[in-house]
Amino acid sequence: MPSWDDFQPFIVTGLALGGVYALSGVGMVVLYRTTGVLNLAFGAVGAMGALIAWQAINEWGWAEEPAYLVCVLFGGAVTLLYGLIFGPPLAGRDPLVKATATLGLALILLGTMSWIWSDKARSMILPTSTESFMVSDILVNYTQVLGLAFGVVVTIGTVLFLQFTKLGTAMRGLANDREITATLGVPVRRVEASAWLVSGLISGVAGLLLSNLVGLDAATLTFLVISSLAAALIARLSSVVVTLVAGLVVGLATALATPILSISEYRDMAPFVLATLALLWLSRKGHSISGRAV
Amino acid sequence: MSIKLVLGRSRQVVRLAALAACFALFVAACGDDDDNGGGGGGSGGGDDSGFAGETGKQKASKCGLGNGKPASGEPIKLGAINTKQPGTDFTEIAKTAEAYFKCVNDNGGINGRPVELVQETEQTDPAQAAAAAKKLVETEKVAGIVGNTSIIECAVNHKYYEANGYYVIGSGISPECYGTPNYAAVNMGPRHSVTGATQYLIREGVEKLALIQSKVPGTEYIEGGFLAVAKQEGVPTESLAEAVPIQDANSVALKAVQAAGDGGGVVLNFTPPEALKILQAAAQQGLQDRVKWACSTPCNTDFLADALGTTFDDKLGVNAEMSLVSIDAPDTNLYKQVLKDYAPDIPLGSFSQFGFLEARIATDAMLGIEGDVNKESVNEAFKNIKDFKTDMLCKPYYFGEAPLHIPNNTDITVTPKEGTMAEKESCFEISDADAPIKRVRDIEKKDGNYTPVE
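Structural notes, computed from the coordinates.

### Description of the overall build of chain B
The helix and strand tally for chain B stands at 13 helices and 13 strands. When burial is assessed residue by residue, chain B has 57% of its 454 residues classed as buried. Within chain B, contacts between residues separated by at least 24 positions form 75% of all contacts whose residues are at least 6 apart in sequence.

### Quick look at the overall build of chain A
The secondary structure content of chain A amounts to 13 helices and 2 strands. On C-alpha atoms alone, chain A measures out to a radius of gyration of 19 Å, which is about the 19 Å that the 2.2 N^0.38 rule sets for 294 residues. Taken over the C-alpha atoms alone, chain A extends approximately 60 × 50 × 35 Å along its principal axes. Scored against the burial criterion, the 294 residues of chain A give a buried share of 56%. Taking as baseline every contact in chain A between residues at least 6 positions apart, the subset at least 24 positions apart corresponds to 77%.

### Overview of the sheet that holds strand β12 (residues 410-417) of chain B
The strands making up a sheet associate through backbone hydrogen bonding, with each pair oriented either parallel or antiparallel. All names here are of chain B. Across the sheet, which stays open at both edges, the 7 strands sit in the order β8-β7-β9-β10-β11-β12-β13 with mixed pairing between neighbours. Each having just a single partner strand, β8 (237-242) and β13 (420-429) make up the two edges of the open sheet. With direction set aside, neighbouring strand axes in the sheet form an average angle of 25°. Relative to strand β9 (residues 265-269), strand β7 (residues 209-214) runs parallel, the two sharing 5 bridges. Bridging across to β9, Q213 finds its partner in N269.

### Remarks on the environment of Y161 of chain B
By the element assignment, Y161 of chain B lies in helix α4 (residues 153-163). Among all residues touching Y161 of chain B, those that are not within four sequence positions of it are I145, Y166, V168 and N182 of chain B.

### Notes on the pairing of β13 of chain B
Residue and element names in this part refer to chain B. In this structure, β12 lies alongside β13, joined through 7 bridges in antiparallel fashion. Considered in β13, the bridge of T413 is made with E425. Count of turn residues in the β12/β13 antiparallel hairpin: 2 residues, of which E418 carries a positive phi of about 50°.

### Re the pairing of β9 of chain B
Taken residue by residue, a regular strand's side chains alternate between the two faces of the sheet. Residue and element names in this part refer to chain B. Of all 5 residues in β9, 5 are buried, a share of seventy percent or more. Alternating residues of β9 divide into G265, V267 and N269 and V266 and L268, and every residue in both groups is buried. The sheet contact formed by β9 and strand β10 (residues 292-295) spans 4 bridges and is parallel. In the sheet register, V266 faces β10, and the bridge partner there is W293. After leaving β9, the chain enters helix α8 (residues 272-284) and then returns to the sheet as β10, a path that is right-handed.

### Quick word on the packing of helix α10 (residues 330-342) of chain B against helix α11 (residues 350-367) of chain B
All names here are of chain B. Where α10 contacts α11, the axes come no closer than 11 Å and their chain directions differ by 105°. Judged on the interaxial angle alone, α11 and α10 are roughly perpendicular. Together, D331, Y335, V338 and L339 of α10 and S352, Q353, F356 and R360 of α11 make up the contact between the two elements.

### Observations concerning helix α12 (residues 375-383) of chain B
Residues and elements named next belong to chain B. The set of residues buried in α12 consists of V378, N379, A381 and F382. For α12, the buried positions fall inside an angular range of 155° around the axis, keeping them on one side. Where α12 is buried, its residues contact β4 (144-148), β5 (168-170) and α11.

### Remarks on the packing of helix α7 (residues 249-260) of chain B against α8 of chain B
Residues and elements named next belong to chain B. It is at 8 Å that the axes of α7 and α8 come closest, and there the two elements cross at 75°. Our classification of the angle between α7 and α8 gives roughly perpendicular. Together, A249, N250, V252 and A253 of α7 and K277, I278, A281 and A282 of α8 make up the contact between the two elements. Per-class residue counts for the contact of α7 with α8 are 6 nonpolar, 1 polar and 1 charged.

Criteria and thresholds
Residues numbered from 1 in each chain as written. Chains lettered and ligands numbered in written order. Predicted model: local features only at pLDDT ≥ 70, side-chain atom pairs only at ≥ 80, totals over all residues. Helix = DSSP H or I, 4+ residues; strand = E, 2+ residues; numbered from the N terminus. Buried ≥ 20, exposed ≤ 12 C-beta atoms within 10 Å, placed from the backbone. Contact = placed C-beta atoms within 7 Å. Rg over C-alpha atoms; globule rule 2.2 N^0.38 Å. Pairing = 2+ DSSP bridges. Axes fitted to C-alpha atoms, helices over the stretch in contact; angles between N-to-C directions. Right-handed = clockwise from strand over helix to strand, strands pointing away. Parallel < 35°, antiparallel > 145°, perpendicular 65-115°, else oblique. Arc of directions from axis to C-beta. Nonpolar A, V, L, I, M, F, W, Y, C, P; charged D, E, K, R; others polar.

Take a look at the structure:
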């Protein structure tokens, strides 16, 4: 069994990745609660945004900051566009159908990325990845700090937004009952569009961070959505605070399993094992946390 | 909230969880794949640096007869099978071979006749690989097989080729490409490339070795040489395998460094994108100086060197099965010229080097045929290849009659330096502590194919 010293660096990597899983999970939960769509293209959108940023910096000679902004805006734009085009016709369909439709978007984006950029080795280093500080004997870079910080800040911001703003209240209303909310005069399409946009912007940020924390690879970034999905499922696609905690737990569990050689090769199962255990536990307890705003 | 709504919402979540599980299975089917295939990292490396500029000062070799006269008449058909599937595409190799043959055809062909390369692809499906070989042999009736690179093709088809009298010049991955009588690869494959990287670290004085490679079928075969060499030198080892694509590179880098321990060395065997993730993660965590680092051939790309910046300058030893593309030498200059003229979209790098060399060797052999150029004479010529000298290899390529072939068993170590790969160690022999290498060396000495390193 590894020593405590061996585990410590994995706590840092686990919290950093967990923070981004939480960030992505919150984006997915907000969108799901507002529109009923589980966006499986979340990772693909972020991946493509990151690759566009890479293209802008390395091939078109852009400065870094505008390229990063393009990544985030791309995430928002593509997700919003999808929501505007496919949201209304699929609004009345089963959530499974709506989620499957986003899988189509994910595959289209993945194919496009493979076609344009193929699978060659690429690298985009954020300025925060080159700056670091020591915590005990462990080197922590600022991208890792950002990963955790964004997860926490976006969660808190989302909670406050949903509780205290008119748009947030409208989103909660839609989550509870779409038809009644519509009859009360809430502009449903506009509220849903806002949710699509915000979720997409979050996917752009997540794509940028993950391109550094994991690597700039289309397939890897696309399928990292699964870990975020696990966090969202543990939260029953309902509570953003639980999503944050679950994301951190998923990140930590996956990282801390790494130095334990007997289970290390199975650590990629951690997100789904945790999600399954959580869902089973919550089912046994006989009540659901769904319906709560935070 | 009513119980009905709660139960309804719970059912929704479970159904969505089931969809997500299916998504994860889809990922497992597509994502647990390696750019260079089932041998674990493989021995190919892609390079994205593009054409490097001027051809060089040394005069390039000629394509075939080099007479500038277009070939005409009935083409001499050759065949190639490459893996092409999401995440793994070796067709660059056959396409480069084709580019060389086009140059040959513009320069007199094979005694006036053009060469046509019929290219088949497979998707790591044994039935498909077998069907591709059957199509080449029985439908296309190719005279020879040149340019094969496939995750499974050697294993699936070697007996078929033996039964039909084909001697294959290709680039290998699986053990059968190096352990059967009718296949002589221009590369040395992942096992021996890992061995070469291991030898470099041992020379660097490491106290413990950790091999980390992609978790695909064939990892035990690949680590065989690593274990044999380390055992001979009395260096303790640890072998690790990671599912690809890697999703937590920071953790993987930490794990590798912890396995090697202080004063230890890490050998990576991954495709360039995966190796880059680990190396960048190591750099971001300040691990590049904690241990010594080495990598098998896939890391030999200027693109990886450029992406790493200066963080691993002179700190990463990459086992290079072929010469650097930057050298100024006749065959390498011809290689660059052929790509520029006939296949400008194909980047310089190990893959295209393999394809070029395979076609060049085959052309040279066919030009020596007296009489009719047909399946029998072509394969007889391939089998009799001996002492083919080229600046792309450390020692001459050969085929011959032997139960196994590893003609490329001597190579160099390169290292990133200011954005490109530079030579760190000149030609050295892959250690014969590994039994297949010893066997091949003994055969070489008996057959007169042994060339000692100078």
